[in-house]
Amino acid sequence: RFSRNVLRDILENEGFEVVGEAGDGQEAIDKAKELSPEIIFLDVEMPVMDGLGALGKIMKYDPGINVIMCTALGQKKIIMEATRAGAKDYVIKPYRKESITDVLIPYKEAKAEAKAKAKAEAKAEAEAKAKAEAEAFFEVEGYVEPEESVMDDLGDATGELEETLGSINGQDIY
């Protein structure tokens, strides 16, 4: 529990939102399915099911989840197995802020790029919409005549129609 609190504090201080915690491997699998996090820090040694077992099941469920294994020194073989099973990286316990922040750099950069891209796309979409609305306004504006002119044209057309209709068989028709 102490290790999880240290990790949570580091992550939150780096601007990440911690959406859940698990005390064992099975709970980690359940939380991964429930919360669909972008990143999971998964300890190699956990009760009920170890980290490698949980990693395999999480990767089957969602191969896109970024799993970072947490391990003690001297577990190089386990790190290699975890990497083959889908782990993206690892950190060595006890946690140090630098090791956590170093492993998170690619995720922070990707998130910043995605945010900048979304902002640029939203701006471009807003500009395109404003341009289309302006073009539609000018197109409509070009066809609408001042009210007096429309009334004059209507009066002229009515008079021409009366003359035409009135001259049929010499009768006045209205």
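The following paragraphs examine the structure supplied in this document. (Residues numbered from 1 in each chain as written. Predicted model: local features only at pLDDT ≥ 70, side-chain atom pairs only at ≥ 80, totals over all residues. Heavy atoms only, no water.)

### A few points about the sheet that holds strand S1 (residues 39-43)
Condition: A pair of strands is treated as paired once DSSP finds two or more bridges between them. Counting from the N terminus, the helices are DSSP H or I runs at least four residues long and the strands are E runs at least two residues long. Whenever a helix is involved, its axis is fitted only over the stretch in contact; in every case the axis is a line through C-alpha atoms, and angles between N-to-C directions fall within 0 to 180 degrees.
Strand order in the open sheet formed by three strands is S1-S2-S3, and the pairing between neighbours is parallel. Looking at strand neighbours, the two that pair on one side only are S1 and strand S3 (89-92), the edges of this open sheet. On average, each strand axis in the sheet is tilted by 25° relative to the strand beside it, whichever way the strands run. Where S1 and strand S2 (residues 66-71) come together, five bridges link them in parallel fashion. Residue Leu42 lies in a different strand from S2, and its bridge partner there is Met69.

### A word on the nonpolar core
Let me state the cut-off plainly: Each nonpolar core is a collection of buried residues, namely Ala, Val, Leu, Ile, Met, Phe, Trp, Tyr and Cys, held together in the definition by side-chain atoms within 4.5 Å. Partly exposed describes any residue whose relative accessible area lies between the buried limit of under 20% and the exposed limit of over 50%, with all areas from a 1.4 Å probe on protein chains only and scaled to the type maximum.
Core analysis: the largest hydrophobic core is formed by 18 residues, its most contacted members being Ile40, Leu42, Leu55, Ile58, Ile65, Val67 and Met69. Elements supplying a minimum of two residues to this core: helix H2 (25-35), S1, helix H3 (51-61) and S2. Residue contributions to this core peak at four residues, all from H3. By size, the runner-up hydrophobic cluster in this structure holds 14 residues, among which are Leu11, Ile39, Cys70 and Tyr107.

### Things to note about H2
Note on helix geometry: an α-helix contains 3.6 residues per turn, so any two residues three or four positions apart are oriented the same way. We apply this condition: In this description, one arc is meant: the one made by directions from the helix axis to the C-beta atoms. Contact criterion: two residues are considered in contact whenever any of their non-hydrogen atoms come within 4.5 Å of each other.
Among all positions of H2, only Gly25, Ala28, Ile29 and Ala32 are buried. Projected onto a plane normal to the axis of H2, the buried residues spread over an arc of 100° and lie on a single side. Looking at the packing, one finds that the buried side of H2 touches S1 and H3. Ser36 sits one or two residues past H2 and shows a positive phi near 45°.

### Thoughts on the pattern of salt bridges
Let me state the cut-off plainly: The term salt bridge refers to a side-chain nitrogen of Lys or Arg lying within 4 Å of a carboxyl oxygen of Asp or Glu.
Counted according to the given criterion, the structure contains six salt bridges. Close ionic contact of Glu12 with Arg8 constitutes a salt bridge, the shortest N to O distance being 2.8 Å. Placement of the pair is Glu12 and Arg8 together in helix H1 (residues 2-13), with a separation of four residues, close to one helical turn. A salt bridge links Glu14 to Lys97, with the nearest nitrogen and oxygen atoms 3.7 Å apart. Here the residue Glu14 occupies a position in the loop between H1 and H2, and Lys97 occupies one in helix H5 (residues 97-143), the gap between them amounting to 83 residues. For Glu14, a relative accessible area of 18% corresponds to the buried category. A relative accessible area of 47% places Lys97 in the partly exposed class. Overlapping salt bridges bring together Arg4, Arg8, Glu12 and Glu21 as one network.

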